[in-house]
Amino acid sequence: MYTFIINYCERMKILSAQQIHGWDAYTIANEPITSVNLMERAATACTDYITQQNFFNKPFKVFCGKGNNGGDGLAVARQLLQQHFDVSVYIIEFGAAGTGDFQTNLQRLHELTVNIHFIQDEGFFPVINKNDIVIDALFGSGLNRPLKDLSAALVQHINQSEAFVISIDVPSGMFIDKSSINNAVVRANVTLTFQQYKLCFLVAENAENTGKLIILDIGLLPGFLNDIETVFQTADAASIQHIYKPRKPFSHKGSYGHALIIAGNTGKMGAALMAAHACLRAGAGLTTLNIPSAFLNAVHSHLPEAMCQLRENGLSFEKINAVGIGPGLGTGDDSLQLIEQTLNEYKLPSVIDADALNIISTHKRLSRLITPGSILTPHPKEFERLFGKAENDFERIDTALKKSAELNCVIILKGTYTLIAQNGKGWFNTTGNAGLAKGGSGDILTGIVTALLAQKYHPFEAALLGVYLHGLAADIALEKQSQESMIASDVVNCLGAAFGGLLMG
Ligand SMILES: NC(=O)C1=CN([C@@H]2O[C@H](COP(=O)(O)OP(=O)(O)OC[C@H]3O[C@@H](n4cnc5c(N)ncnc54)[C@H](O)[C@@H]3O)[C@@H](O)[C@H]2O)[C@@H](O)CC1
Ligand SMILES: [K+]
């Protein structure tokens, strides 16, 4: 089994709604701190953020439910009033009593203002002006069913306004760990969430509703995380540093492996060049490109460090430590043959990308030939061609976890927060930026991960480190480029600084 276990990254676990609740309770019991004081700490973190923004004394309209998310909203409203802001509070009324901490905060707020309104039906909705700042504290991690009736109408009312919206913990109506597609969900400009990433913030389908995500530290005790099992984690600098193996002074090119990149075809030779360039820059001892002979001169003039195998002469895996196959290969019969031969003859893990994945999608029998430990690097469209259409991002992620276990492979599902799935568990990468949304980015990722495999990183480590470095290099490229102007070669040229960044943490 190619499962690789990392357990030194406790604080990056992604929790379910129930576990989040458990973490609050653990902190309350063990710090110890009262529940209402923990709420005060969460509210203070929100108020501090809000008051540091340039809202130029605009009026605040704070919308609260009657759970603890609403309690946060009431505490924020009080703290803003204490700082002399103009604050009105609106509480959605379902007839039931609020939670204890909600009631305590309501009492505290009553001592400061009478500007508190209960919304019993749509007639009570206030006019929301363009100039208002809306604080959305209707529902948080306790949401247990889609919003409907009055609460859905209120969310729609907020969304129809042109006001700037700040959601506390989560945009109201959004589920923490499952899809909220087609539900009524607040469309926030900023979401102030507590302590950790939540799964809902890592998927593209929620991006428009989340707006800018700010993670506020509210001092939940890290000890809780030691003993809990999660399906997902994020990869942080500390975990990546553990993976990274610095080069040894008494080493030679043979110490770092020989990578073979099988890529490129007429009209798409750039993909092969970019993958090989990235492979060289990511540290492979030797890099060989398998290409049609017509492009030999192009490779020698652009990448003199790379060696070439001529495709017409067949494939050779002699002394090859890692294969990367697919970028710019095309989907013709010649490529099908190349892939079939690679899957049949090469018995170490490979990186399988782009057209190689597309060919496997149309010749499903090939998936049975994939060597255990191989790394598949689909973007969402390639993923769907391989494994079927998903109803939403959460379903796609779930399929990636299942397929990684079934095929005994690592699956890199590319996206803003790329998922690295292995044996039913998932890691999300947090480096990178929208400058990577461009042709060539995938080709260089294949080159980087192939180079790391050649250097004898475990496939899961190669995937995690490769994706992290790829994103970090893109972040560093922003020092000289914009997200618009950045091209894949800029990212490759920043790999040196990215490796350097690993050492600094
Ligand atoms: N001490 C704590 O437990 C802390 C909790 N915090 C806040 O507490 C929130 C979680 O609070 P709660 O667990 O009380 O939950 P919420 O405040 O998210 O709301 C849950 C309430 O709404 C009801 N509800 C759920 N779905 C509904 C729907 N679709 N329509 C109508 N009503 C619905 C539930 O039955 C429950 O009464 C977090 O998001 C966070 O904002 C923070 O103050 C940090 C500390
Ligand atoms: K909320």
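Residues numbered from 1 in each chain as written. Chains lettered and ligands numbered in written order. Predicted model: local features only at pLDDT ≥ 70, side-chain atom pairs only at ≥ 80, totals over all residues. Heavy atoms only, no water.

Taking an unreviewed UniProt entry as the reference, the protein is identified by name as Bifunctional NAD(P)H-hydrate repair enzyme belonging to Parafilimonas terrae. You can read under Subunit (unreviewed entry) in the UniProt record for the protein the words "Homotetramer." (UniProt positions renumbered as here; feature names shortened; annotations may be inferred.)

Draft legend 1. Structural detail: the packing of helix H15 (residues 441-454) against helix H16 (residues 459-477). Their axes nearest at 8 Å, the elements H15 and H16 cross at an angle of 135°. One way to sum up the angle between H15 and H16 is to call them oblique. Of the two possible hands of crossing, H15 and H16 adopt the one that is right-handed. Along its contact with H15, which presents Ser441, Ile444, Leu445, Ile448, Val449, Leu452 and Leu453, the element H16 presents Pro459, Ala462, Ala463, Leu465, Gly466, Val467 and His470. Class assignment of the residues belonging to the contact of H15 with H16 gives a composition of 11 nonpolar, three polar and no charged. (Axes fitted to C-alpha atoms, helices over the stretch in contact; angles between N-to-C directions. Helix = DSSP H or I, 4+ residues; strand = E, 2+ residues; numbered from the N terminus. Parallel < 35°, antiparallel > 145°, perpendicular 65-115°, else oblique. Left-handed = near helix turned anticlockwise from the far one by under 90°. Contact = heavy atoms within 4.5 Å. Nonpolar A, V, L, I, M, F, W, Y, C, P; charged D, E, K, R; others polar.)

Draft legend 2. Spatial organisation of the UniProt feature "binding site: AMP" (unreviewed entry) in the protein. On the UniProt side, "binding site: AMP" (unreviewed entry) is annotated at positions that read Lys414, Gly415, Thr416, Tyr417, Thr418 and Gly442 here. In sequence the annotated residues extend across 29 residues, while in space they remain close, none of their C-alpha pairs exceeding 14.2 Å. Examined against the element boundaries, Gly415 turns out to sit in the loop between strand E16 (410-413) and strand E17 (419-422). Here Thr416 lies in the loop between E16 and E17.

Draft legend 3. Representation of the sheet that holds strand E4 (residues 116-119). Taken together, seven strands build an open sheet; the order of strands is E4-E3-E2-E5-E6-E7-E8 and the sheet is parallel. Two strands close off the open sheet at either side, each with one partner strand: E4 and strand E8 (212-216). This sheet shows a mean twist of 20° between the axes of neighbouring strands, independent of strand direction. Both strand E7 (residues 190-194) and E8 contribute to a ladder of five bridges, which runs parallel. The residue bridging Thr193 from the neighbouring strand is Ile215, located in E8. Helix H2 (residues 35-52) rests against strand E2 (60-64), strand E5 (133-137), strand E6 (164-168), E7 and E8 of the sheet, and its axis sits at about 150° to E7. Running over the sheet, helix H4 (residues 100-110) touches strand E3 (87-92) and E4 and is turned about 135° from E4. (Pairing = 2+ DSSP bridges.)

Draft legend 4. Up close: the pairing of E7. Among the five residues of E7, five are classified as buried, and the element is accordingly described as predominantly covered. Two strands pair when backbone bridges link them, and E6 and E7 are joined in this way by three bridges, in the parallel orientation. Paired with Ser167 across the two strands is Thr191, which belongs to E7. (Buried < 20%, exposed > 50% of the residue type's maximum accessible area, 1.4 Å probe, protein only.)

Draft legend 5. Molecular detail of unusual backbone geometry. Here the bond from Glu31 into Pro32 is cis, since omega is -15°, no more than 30 degrees from zero. Its identity as a non-glycine residue notwithstanding, Asp169 has a phi of 70°, on the positive side. On the secondary structure map, Asp169 appears in the loop between E6 and E7. Since its relative accessible area comes to 7%, Asp169 is described here as buried. For Ala354, which is not a glycine, the phi torsion comes out positive at approximately 45°. Topologically, Ala354 is positioned in helix H12 (residues 354-362).

Draft legend 6. The arrangement of the coordination of the potassium ion (ligand 2) in detail. Within the protein, Asn69 (OD1), Asp136 (O), Phe139 (O), Ile168 (O), Val170 (O) and Ser172 (OG) serve as the donor atoms for the potassium ion (ligand 2), at 2.6 to 3.1 Å. If you look at the potassium ion (ligand 2), its six donor atoms make angles of 67 to 175° with each other, and the shape they trace is irregular. Here the donor residues of the potassium ion (ligand 2) share one chain and are spaced in sequence as N-x66-D-x2-F-x28-I-x1-V-x1-S. Placement of Asp136 in strand E5 and of Ile168 in strand E6 is noted, with a sequence separation of 32 residues between them. (Donors = N, O, S within 2.8 Å, 3.2 Å for Na, K, Ca; no water. Tetrahedral: all angles 85-135°; square planar, octahedral: opposite > 155°, others 65-115°.)

Draft legend 7. Region of interest: the site of ligand 1. By nearness alone, 21 residues border ligand 1, and Asn68, Asp72, Gly140, Arg145 and Asp169 come closest of all. A distance of 3.4 Å separates a nitrogen atom of ligand 1 from a polar backbone atom of Pro146. Burial of ligand 1 by the surrounding chains reaches 83%, relative to a free accessible area of 870 Å². Put simply, the parts of the chain that give the shell around ligand 1 at least two residues each are helix H1 (17-30), H2 and helix H3 (68-82). If one sorts the elements of the shell around ligand 1 by residue count, H2 sits on top with four residues. Residue composition of the shell around ligand 1, grouped by class: nine nonpolar, eight polar and four charged. (Near = heavy atom within 4 Å. Polar contact = N/O pair within 3.5 Å; in protein donor to acceptor, adjacent residues only side chain to side chain. Areas by Shrake-Rupley, 256 points an atom, 1.4 Å probe, with all protein chains shown as cover.)

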